[in-house]
Amino acid sequence: MRHDLDPLFAPFSCGSLALKNRFVMSPMTRNFSPDGVPGPQVAEYYARRAHMGLVITEGVGPDHPAALGDGTTGGPALPVMVGEAALAGWKAVVDAVHAAGGKIAPQLWHMGPIRLGGTGLHPQAPSVSPSGIWGPFDKTILPPDYLASVKAPGTPASDAEIADIIAGFARSAGFAHELGFDAIALHGAHGYLLDSFLWAETNHRTDQWGGDLLRRTRLAREVVRAVRQAIPADKPIIYRFSQWKLQDYGAKLAETPEELGVITGALADAGVDIFDVSTRHFDAPAFAGSDMGLAGWVRKLTGKPVMTVGGIGFDKDLQSSFMEPTLPVDNLAEVVRRFAADEFDLVAIGRAALMDADWIGKVRRGEPFKPFDMSAYGRLD
Ligand SMILES: Cc1cc2nc3c(=O)[nH]c(=O)nc-3n(C[C@H](O)[C@H](O)[C@H](O)COP(=O)(O)O)c2cc1C
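It should be emphasised that the depicted structure is a prediction, and the values quoted were computed from it without experimental measurement.

> For this particular structure, what's the right way to read the overall build of the protein?
Helix and strand counts for the protein stand at 13 helices and 10 strands. On C-alpha atoms alone, the protein measures out to a radius of gyration of 19 Å, which is about the 21 Å that the 2.2 N^0.38 rule sets for 381 residues. In terms of its C-alpha atoms, the protein occupies a principal-axis envelope of roughly 55 × 50 × 45 Å. Out of the 381 residues belonging to the protein, those deemed buried represent 60%. Contacts in the protein between residues far apart in sequence, at least 24 positions, make up 74% of those at least 6 positions apart. For the protein, the accessible area works out to roughly 14,000 Å², and carbon and sulfur atoms hold 56% of it. Between the mean site of the 36 positive side-chain charges and the mean site of the 44 negative ones, the protein shows a separation of 2 Å.

Okay, structure coming up:
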């Protein structure tokens with residue numbers, strides 16, 4: 001047993017959520033739910049990871065026809081949180097994780113401008129975006145065939161569409177609560193719908209859904225408020241936030257700590273309980289003049305619990321993994337150092353948890369980790 005890691009195995013609680021350790025399975029899209037319905041093998045996959053403090057599921061479509069479709073990680077078998085069959089599937093997932101002693105939150109995910117029109121369970125539904133644009137095309141490394149399909153400008157979302165989306169998030173959060181999920185996670189990052197309203201490159205609106213930084217948080221705030229109304233006051237809302245976008249890995253919503261405070265303060269006031277701060281490198285300094293990572297800044301600015309993520313257990317970040325072989329490294333001493341410095345409360349693990357259902361066991365026992373292997377995308381083991 002490695003005692004240097006004991007702090008990461010201490011319990012954590014927030015509202016009604018009580019976790020046995022600080023490790024969280026980071027949300028990871030899987031394409032194993034035909035017709036939007038997660039089957040028994042999905043339940044087993046998550047239950048195998050129930051020894052992590054919290055499992056956050058893959059992105060799951062809220063009740064809106066244009067939530068999901070093909071995209072950069074999307075595909076034909078993404079799950080949804082609506083309809084009898086999908087909800088029954090999710091009930092089995094929740095029960096399996098609980099039976100294995102774990103806690104689980106669904107990540108509600110609206111792809112917004114990233115979704116390819118004409119795809120998904122409702123191909124006729126037009127993709128939704130704040131200003132009918134995907135984003136800048138000169139800063140992305142996404143494949144040319146995907147980019148060609150999203151290039152044509154669309155129509156900016158109408159007030160009625162926006163109201164439908166907010167209501168859809170709330171309905172699906174309510175369904176998830178009824179099924180016994182322990183918290184609700186919202187995907188507010190990476191250039192998808194909520195993030196595309198936050199980002200000036202994709203939100204050119206001058207109405208109540210656009211404008212300055214604070215005004216651009218309005219859709220996210222309204223979604224958080226509506227979800228809060230749909231679930232008990234003590235069930236945590238986890239909000240994933242990122243500077244980087246699929247449209248531009250170097251993008252920055254907040255150039256300064258003050259700007260970061262405007263965004264995250266507004267979200268915290270709206271009802272976010274825990275921030276999932278998505279970075280490519282958990283230990284990258286967020287702003288000049290300090291070595292503190294982005295999660296640390298969000299914690300300092302909001303006083304809310306935060307989760308860090310990015311590159312834990314590997315020598316390369318996720319994006320580099322697509323191009324180069326990725327080797328395991330034990331960088332947990334740096335995780336513990338930053339944890340002890342109060343930078344974050346929770347530690348999310350993506351690829352390492354995908355590769356190895358027993359990664360936490362290996363951490364505890366001090367055993368070597370597995371290298372990353374892209375074929376893990378095609379398996380549900
Ligand atoms: C296969 C795969 C699918 C992913 N899908 C999602 C997703 O649905 N939602 C999300 O917020 N992030 C998604 N991510 C990003 C991860 O949650 C995580 O932030 C990223 O992999 C960095 O963590 P890591 O360095 O530990 O892998 C995905 C990552 C992988 C590897």
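> Would you explain the site of the ligand in this entry?
As a matter of local geometry, the ligand sits amid 17 residues, with Ser-26, Pro-27, Thr-29, Gly-311 and Arg-351 nearest to it. The backbone of Pro-27 places a nitrogen or oxygen atom 2.6 Å from an oxygen atom of the ligand. Calculation on the ligand without its partners gives an accessible area of 600 Å², and the protein chains cover 95% of this total. Taking a 2 Å distance to the grid points as the criterion, the majority of the atoms of the ligand fall inside the largest pocket. In terms of residue class, the shell around the ligand is built from 6 nonpolar, 9 polar and 2 charged.

> What am I meant to see in the pairing of strand S6 (residues 184-187) here?
The side chains of a regular strand alternate between both faces of the sheet. Side chains Ile-184 and Leu-186 project from S6 onto one buried face, and the interleaved Ala-185 and His-187 project onto a second face that is buried too. When strand S5 (residues 104-108) meets S6, the two strands line up parallel, connected through 2 bridges. Among the inter-strand pairings, Gln-107 is bridged to a residue of S6, identified as Ala-185.

> Looking at this model, I keep getting lost on the pairing of strand S7 (residues 237-242). Mind explaining?
In terms of residue burial, S7 counts as a mostly covered element, since 6 of its 6 residues are buried. Side chains Ile-237, Tyr-239 and Phe-241 project from S7 onto one buried face, and the interleaved Ile-238, Arg-240 and Ser-242 project onto a second face that is buried too. Two strands pair when backbone bridges link them, and S6 and S7 are joined in this way by 4 bridges, in the parallel orientation. The residue bridging Ile-184 from the neighbouring strand is Ile-237, located in S7. As defined by bridge partners, S7 adjoins strand S8 (residues 274-278) across 5 bridges and the pair is classed as parallel. The residue of S8 that forms the bridge with Tyr-239 is Phe-275.

> Can you walk me through the sheet that holds strand S9 (residues 306-308) in this structure?
Hydrogen bonds between backbone groups are what pair the strands of a sheet, and the pairing can be parallel or antiparallel. Pairing in this closed barrel of 8 strands is parallel, and the strands run S3-S4-S5-S6-S7-S8-S9-S10 around the ring. Put simply, the sheet's adjacent strands are angled 30 degrees from each other on average, direction ignored. The strands that helix H2 (residues 84-99) touches are strand S4 (54-60) and S5; relative to S5, the one it contacts most, it runs at about 145 degrees.

Procedures and definitions
- Residues numbered from 1 in each chain as written.
- Predicted model: local features only at pLDDT ≥ 70, side-chain atom pairs only at ≥ 80, totals over all residues.
- Heavy atoms only, no water.
- Helix = DSSP H or I, 4+ residues; strand = E, 2+ residues; numbered from the N terminus.
- Rg over C-alpha atoms; globule rule 2.2 N^0.38 Å.
- Buried < 20%, exposed > 50% of the residue type's maximum accessible area, 1.4 Å probe, protein only.
- Contact = heavy atoms within 4.5 Å.
- Areas by Shrake-Rupley, 256 points an atom, 1.4 Å probe, with all protein chains shown as cover.
- Lys, Arg positive; Asp, Glu negative; His and termini not counted.
- Charge placed at Lys NZ, Arg CZ, Asp CG, Glu CD.
- Near = heavy atom within 4 Å.
- Polar contact = N/O pair within 3.5 Å; in protein donor to acceptor, adjacent residues only side chain to side chain.
- 1 Å grid on protein atoms, 1.4 Å probe; cavity = no way out; pocket = protein on both sides within 12 Å on 5 of 7 lines; lining within 4 Å.
- Sits in = over half its atoms within 2 Å of the grid points.
- Nonpolar A, V, L, I, M, F, W, Y, C, P; charged D, E, K, R; others polar.
- Pairing = 2+ DSSP bridges.
- Axes fitted to C-alpha atoms, helices over the stretch in contact; angles between N-to-C directions.

The values reported here are purely geometric and, on their own, carry no functional implication.
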